[in-house]
Amino acid sequence: MDFFSEFPALSRRDNSALRRFIDNGFRDFSREYGEALENFFDPLLQFLIAFEQLLLATPWPIVILVIAGLTWAGGRSMAITVGAILSFLVIGYLGMWENTMSTLAIISVATLICIAIGIPIGILMARSDRAQGMITPVLDVMQTIPSFVYLIPVVMLLGIGKVPGMIAVCIYAVPPIIRLTNLGIRLVDREVLEAADAFGSSTYQRLMDVQIPLALPNIFAGVNQTIMMALSMVVIASMIGVKGLGIPVLQAISNQYLALGLMNGLAIVALAIIFDRVTQRFGKRLQKHQEQSH
Amino acid sequence: MSDTMISIRNLYKIFGPNPKKAMEAVAAGVGKDELLEKNGHVLGLNNINLDMKRNELQVVMGLSGSGKSTLIRHINRLIEPTAGEMIIDGDNVLAMDQKSLRELRRHKISMVFQRFALLPHRSVIDNVGYGLQIQNVGKKEIKERSERWIERVGLAGYEDYYPAKLSGGMQQRVGLARALTTDAEILLMDEAFSALDPLIRTEMQDILLDLQEEIQKTIVFITHDLDEALRIGDTIAILKDGMIIQNDDPQNILMQPADEYVADFMKDINRARVLRVRAIMEPIDPEADGPEMHGSTTLEQALQIFAEHSTDHAVIVNKRKEKVGKLTIEDLIRGMKRPTLQEIRDANDQQVA
C-alpha cells in the first residue's frame, strides 16, 4: 500500500538534477545575453537617472508648485490640491524629501512604461479572442506569483539596481491597464460600432474615433490601478536596490524602528492617495458628456 | 440610368454553424421549421427578390423576427448573405473588396438606426459631421455642411450639446442629419422612428416626407408599424418568416391583400383615412357629373365632399384636371368594407389561373 501512503514523487536526486538543469540553463542564458540586455535597457536607466536628478536638483518650492499645478489640472479640486501641498510640506519637514522624489521618479516612469506597453496589448486582446485567450493566463500569473519569485531571474539577468527594480514594478503593475483597456473596448456599444461601419470607417478610424474614446474611462481606471500597484511595489523593489521610500521601511523592519517605518509608510500612503484622487477625478471628468440633464 | 436603384436577387441568409451546408438543404426544398429542427440552422431570409425604384420610399414591413433588420443590413453588407445577389445602381455589392465596400458606404449609402447609435462623446455638430470626417473632408467644409443639415432638421442652436442631453426625438434628428450630410443617394432607415413616442414619431414622419420632396433619395424604411408604413411608403413589401409575401402600392395592399396574413394585418386600419378614391373609382363615362375631386382624396375626405354637396356621385380628376373616373356613394361603401377571406382566396385563384 506504499502507493497510497507515499506520493509517487520524483526521487530526490532526479529532482535536484532537474532544478540544476534549469538553473544552469538560465545562468548560461544570462551570461550569454545579460550584457546585451543591459545595453538594451541603458537608455531607460539614463532617462530614469535624469528624471530623478531633475526632481532632486529643482528647488523644493518649485517642485511643490509644479505638483500643485498638476493636481489642480487633473483633479480640479481645491481640497485635493491643498492636501497635496500640505502632504509634501510635512514629508519635507520630516526629512523624507529625497526618498520621496526618488519614489516619485520611479513611479512616474514605471507608469509611463506600463501605459506604453499595456494599452497596445489591451487593444490587441480586444481585437482577437485568440490573443485574449493566450494573454489572460499570463496576466493571472503576473498578478498572483509572489513578487520575490520573479525578482530572482530579473536579478540574475540584470543584477541589482534601478532597471531590474523598474522591471519588477512593471511586471507587477501592468496587468490592470491591459485588462481594463481590453474590457473597455469590448464594452463599447455594438450599435455605435455598427454605425461606424455603416459610414465606411476603416479599422483604424473605428479604433481612434469610437473604440478608444468610449473605452477611455475604463482605460483610466486601469491607469489608476497601475499607479496604486506600482506604489505598493516600492518596498519590495527597494530590496534589489531601488532608492526611495522603500529603503527606510526595510531598515525599520530589520531593526524594529517603529517610528521610521510608520513615517515612510505614511509617506507612501500620501503619494498613493494624491495619485488616486487626481486620476479618479480626471477619469470622471472624461465621462462628463454622459451626464443627463433630464 | 436605370429606374431600379437596388435589386435583390434570390437572397438567402442562414444563421448557424455551417450555413453553406444548410443552404444545400434549403435549395433541396427544406422549409424553415424543418431546417431548425433537423439541421439546427435558422433560415433568416428565404429567397428574397425585390427591386427598389430610384428616388422612391420603399417600406419593408414585418413583425419582429421576420428578418427585416437582417434584410436592410444586406444592402450595405453589414451582414454577409449565404447566397444571392445584391445589385446597387448596377454594381454587385457582394463582389466588392473591402476598399470598394468602404467607398460605397462612405458615398452611396447612409444609415439611420433604431436606437440612434450616436457617438456619446461628441457634440451634435461633430456627430453630424462624422460621415464627412471619415471621408477626410476638410474641417471648414464639414462645418458648413453639418450646420446646413442641423438647421434643416430643426436643431439650430443645439450644435454644441452632447447627445445624452437631448430627448429621443432630437437625438434621432441628429441621426437623420448625420445620414443626410454625406449626400448619399440611398438612405437606409432601420426602424428609425420606432423608439419614439407616437406624437414625436408622426412629427418625424412629417419631417422625412417633407425632406424627401426636396432631396429625392432612394429610401429603404424598415418598420413594424403598419400605420407608419401606409403613411410614408410609396411601395410596401411585407415580410414574414424571411419571405416577401407582397410588394405593392399601399392602396393595392389594402384592396387586394395577397393572403390572409396580410389581410389580418390590415384589419385594424382605418381604411377611410388611408384609401384614396383612385383605388376604388369606376371608369369614366361621358354622362358622369357632380363635384370634382382629385384621385389622391381619401375616402374620408370624399365622404365630406359628398355631404357638403348633398350628392351621391362625383368625378375624379388627375393633376391636369382631366376626368379619369367617377365615384358613387356605393363605391365608397364598398371601399370601406374589408375583403372577406373568401374574396381573397377567389382573387388569388384567379391570379393562379
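Residues numbered from 1 in each chain as written. Chains lettered and ligands numbered in written order. Predicted model: local features only at pLDDT ≥ 70, side-chain atom pairs only at ≥ 80, totals over all residues. Heavy atoms only, no water.

A. Layout of the nonpolar core. Of all hydrophobic cores here, the largest spans 68 residues; its most connected members are Val210 of chain A together with Leu176, Met189, Leu208, Phe221, Met293 and Leu327 of chain B. At six residues, the largest contribution of residues to this core is made by helix H8 (residues 168-181) of chain B. Each of domain 1 (52-248) and domain 2 (271-336) of chain B contributes no fewer than three residues to this core. Apart from the residues lying within four places of it in its own chain, the contact partners of Leu208 of chain B are Leu57, Leu176, Met189, Phe193, Ile219, Phe221 and Ile232 of chain B. Grouped together as the second largest cluster of nonpolar side chains are 62 residues, Leu48, Ala105, Leu271 and Ala272 of chain A included. (Core = buried A, V, L, I, M, F, W, Y, C linked by side-chain atoms within 4.5 Å. Buried < 20%, exposed > 50% of the residue type's maximum accessible area, 1.4 Å probe, protein only. Helix = DSSP H or I, 4+ residues; strand = E, 2+ residues; numbered from the N terminus. Domains from an automatic or database assignment. Contact = heavy atoms within 4.5 Å.)

B. Main features of the confidence of the model for chain A. When pLDDT is averaged along chain A, the result is 91; 98% of the residues meet or exceed 70. Confidence, read as mean pLDDT per element, is least for helix H1 (residues 2-5) of chain A in chain A (80) and greatest for helix H9 (residues 175-186) of chain A (96). (pLDDT = per-residue confidence, 0-100.)

C. Seen up close, the pattern of salt bridges. Residue and element names in this part refer to chain B. Tallied over the full model, the rule gives 33 salt bridges over all chains. Glu147 serves as the salt-bridge partner of Lys143, at 3.2 Å between the closest nitrogen and oxygen. Pair noted here: Lys143 and Glu147 are both in helix H7 (residues 139-152), with a separation of four residues, about one helical turn. Glu147 sits in the partly exposed class, given a relative accessible area of 30%. One salt-bridge network, held together by shared partners, links Arg54, Asp89, Lys108 and Glu185. (Salt bridge = Lys/Arg side-chain N within 4 Å of Asp/Glu carboxyl O.)

D. Region of the structure containing the interface of chain A and chain B. Facing 22 residues of chain A, the contacting portion of chain B comprises 30 residues. In this assembly, chain A and chain B are joined by three salt bridges. We note a salt bridge from Glu191 of chain A to Arg115 of chain B, for which the minimum N-O separation is 2.8 Å. Taken together, the elements giving at least two residues each to the side of chain A that touches chain B come down to helix H10 (190-198) and helix H11 (203-232) of chain A. The leading source of residues in the side of chain A that touches chain B is H10 of chain A, at seven residues.

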